[in-house]
Amino acid sequence: MFSAMIKKEFLLVLRDRHALLALFVMPAIFILIMSVAMRDQFASDTINFSIAIIDLESNINTQKLVNKIQSDDGFNLVRDEKTAQFIITIPKDYTTSDKQKIEILVIDSIKNDLLEIFKSKLLKSVISVKLEGISEKLRVISNEAADSINKVSISPNELFEVSYDKNEDIPNSTQQSVPAWIVFGMFFVIIPMSTIYINERKQNTLTRLTSMNISILSMSISKTIPYLVINQIQVWIMIGVGIFIVPFFNTPALEINGSILALVALSIALSVSAIGLSTLIAVSATSSEQATTIGGILNILLGAIGGVMVPKFIMPESMQNFANISPMSWGLDGFLEIFLKSGDIFMVANESLQLLLFGLITLAISMVILRIRISKGL
Amino acid sequence: MIKIKNVTKKYGELKALNEISLEIKEGSILGLLGVNGAGKTTLLSILNGLIEIDSGDIEVFGLDIKSDKKEINNISSIIPQHLAFYEKLTVKENLDFFSKIQNATQENYTKAIEINSLENLLSQEASTLSGGQKRRLNIAIGLLNNPKIIYFDEPTVGVDPKSRNEILDSIKSYKKLGITVIYTSHYMTEIERICDEVAIISKGQIVEHDTLENMLSNRVSDKICIEIIHSDRKIDALDIKNDLTIQTTESKLFETLATIKENNIAIKQIRYGSTSLEKHFLDVSEK
């Protein structure tokens, strides 16, 4: 009996083109677009600013500064000021007067954090030139002192050893996008589930099945299993997109640093959660249009709150705490544990149990609602 | 035999069924008539074990509805008004699915296909079938478990006349197989055509249960009922009822017919000592 019911469910999903698009094509496209689009936002080292320099003092000292700026890979000196993001103006008497400041004209609208990165890069060049000047002056007095100035490093990589605390790991764009859109895509089982459930209810097929002694528990289990399998296929296809396709777009490939077992356990728990919520919506709604609308809106809200659309680490702390109400956030946290922190099954146990519990509770509520509906003639 | 004794079903304060009692003979075809909301669907749902009764007893072929629900479901089948199958599956996939979940035998599977002439449609997706073909598939699914009782809930809605005739003929043939049929429909002609007995349900109560023959005869005793096409004026000599019927007696028949002829009124039909099921149903329901 179960095999027939599972086969039926698979056939119905595989023949629902819209559902297949939502389950497989939509998240794959999102992974590609968001990984590429957010590549630079997640990797400040690779940021390149286009600049134009106006040297009003124009002497050997300011030329040194211009050369220094030009030699920095983070700057791309352009001749046409119209194409520059920033115009740097070195004022007259800059090298002789302590009161003169380098002027920065920001052409493009730019976020504050990028402006700070720009200023720190420029500061590095300015200090470097100033240190060279001090070194030259000191050489008249003491070669040893001048050499010691020359040895002063202002490269962040030489000055700082950066290590991440467990909770402060920051993913690259692929590591953020792949799990985010896997989680989001998995919850879109609402589309085929609600369509099939509501058609069965409206067409009295559920009545017929009940009159054939098929229990509500059997119906629910036979519907859960196919979607568990479909969700697992989704996970591995999306991971495949992250590993094999994303690099073609000059974007870092996904790396699975953690345990595969943990990945399987987490994705099964996440799937139970997505199926539970989808079933609850499907049995509560009165039409498939209502179910897909409510389901779609709820998915977008849970995704927005849970860090799918906007990564949690750039949210304010209060918002990060609020994000924890979303099961998508639990799933995303679990995936990031595995991808970033070499997470094993114990490290994702908390998230997995939360998701499993959420899924089982919503499934249980769904069965109660379905039983009531059937007893009232649907 | 199906025995329904003093069955009551309430939805909140509303009594959907109020102490109804009914006996349906094995192998008979019972037409269950009632206006919308009369309690037909509730009664069918109870007989199919979908909802439980508040009080009373129901016995189906010696099995108690409360304790032997599964066994009763095994020997009965419902053909819902809606097309209760999967449009995206082929005819064969639908039959295979419903067959497997009921552990139907190959013999029953083949018989259901044959009776409903689905042999040439097996590979066709159900959504591409005509209205009549869909109805036949809907019925075939209900025959897979070789039921002793079949409940038909308006099975010919939206079906063309040819397919309707085929469906009605096949339902009539179930009697020969000893299957008990409970048939609800809004088409009185269908009930008149296939049913042996008729039960009229109104406001949750069985207001009349009799053989079709008894129900149609002797209802106006010695009177003769003349149905006319139309009359847009009042004729003092004729007592024309609102339903365009004139009732008379045998002794006054020629006199009445002469008056009708004088007034150029067209006659639809003359029934001696009988009335139509539709009129009878409306009379009984309105009481």
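Definitions and cut-offs
- Residues numbered from 1 in each chain as written.
- Chains lettered and ligands numbered in written order.
- Predicted model: local features only at pLDDT ≥ 70, side-chain atom pairs only at ≥ 80, totals over all residues.
- Heavy atoms only, no water.
- Helix = DSSP H or I, 4+ residues; strand = E, 2+ residues; numbered from the N terminus.
- Rg over C-alpha atoms; globule rule 2.2 N^0.38 Å.
- Buried < 20%, exposed > 50% of the residue type's maximum accessible area, 1.4 Å probe, protein only.
- Contact = heavy atoms within 4.5 Å.
- Areas by Shrake-Rupley, 256 points an atom, 1.4 Å probe, with all protein chains shown as cover.
- Lys, Arg positive; Asp, Glu negative; His and termini not counted.
- Charge placed at Lys NZ, Arg CZ, Asp CG, Glu CD.
- Domains from an automatic or database assignment.
- Buried area = accessible area lost by both parts, 1.4 Å probe.
- Salt bridge = Lys/Arg side-chain N within 4 Å of Asp/Glu carboxyl O.
- Polar contact = N/O pair within 3.5 Å; in protein donor to acceptor, adjacent residues only side chain to side chain.
- Nonpolar A, V, L, I, M, F, W, Y, C, P; charged D, E, K, R; others polar.

Undergrad: Before we move on, could you go through the overall build of chain A and cite the residues and values that matter?
TA: A count of helical and extended segments in chain A gives 16 helices and four strands. Compactness check: chain A gives a C-alpha radius of gyration of 29 Å against a globular reference of 21 Å for 378 residues, more than 25% above the reference. Residues counted as buried form 48% of the 378 residues belonging to chain A. Contacts in chain A between residues far apart in sequence, at least 24 positions, make up 79% of those at least 6 positions apart. Summed over all atoms, the accessible surface of chain A reaches about 18,800 Å², with 61% contributed by carbon and sulfur. Here chain A contributes 30 positive and 33 negative side-chain charges, whose respective centroids are spaced 12 Å apart.

Undergrad: Describe unusual backbone geometry, with residues and values.
TA: A positive phi angle, close to 60°, is found at Asp 93 of chain A, a residue other than glycine. Mapped onto the elements of the fold, Asp 93 of chain A is located in the loop between β3 (86-90) and β4 (103-106). Positioned with a positive phi, Ser 117 of chain B is a non-glycine residue whose angle comes to about 50°. Its place among the elements puts Ser 117 of chain B in the loop between α4 (106-115) and α5 (131-143).

Undergrad: An account of the domain arrangement of chain A is requested, with residue identities and associated values reported.
TA: On domain assignment, one finds that chain A holds domain 1 (2-41 + 172-375) and domain 2 (48-166). Its C-alpha centre places domain 1 of chain A at a distance of 49 Å from the equivalent point of domain 2 of chain A.

Undergrad: So what's going on with the interface of chain A and chain B? Which residues, and what values?
TA: On the chain B side, the residues contacting the 24 residues of chain A number 28 residues. With both sides pooled, the region where chain A packs onto chain B buries about 2,400 Å², and carbon together with sulfur makes up 61% of that total. When the buried area of chain A at its contact with chain B is split by residue, Arg 15, Arg 208 and Asn 213 of chain A rank highest and sum to 28% of it. A salt bridge links Glu 93 of chain B to Arg 15 of chain A; the nearest nitrogen and oxygen atoms lie 2.7 Å apart. The interface formed by chain A and chain B includes eleven residue pairs in polar contact (both at pLDDT 80 or more). At the level of elements, α1 (2-14), α9 (190-202), α10 (205-211) and α16 (349-375) of chain A are the ones that each hand at least two residues to the side of chain A that touches chain B. For the side of chain A that touches chain B, the leading source of residues is α10 of chain A, giving six residues. Considering only residue class, the side of chain A that touches chain B consists of nine nonpolar, nine polar and six charged.

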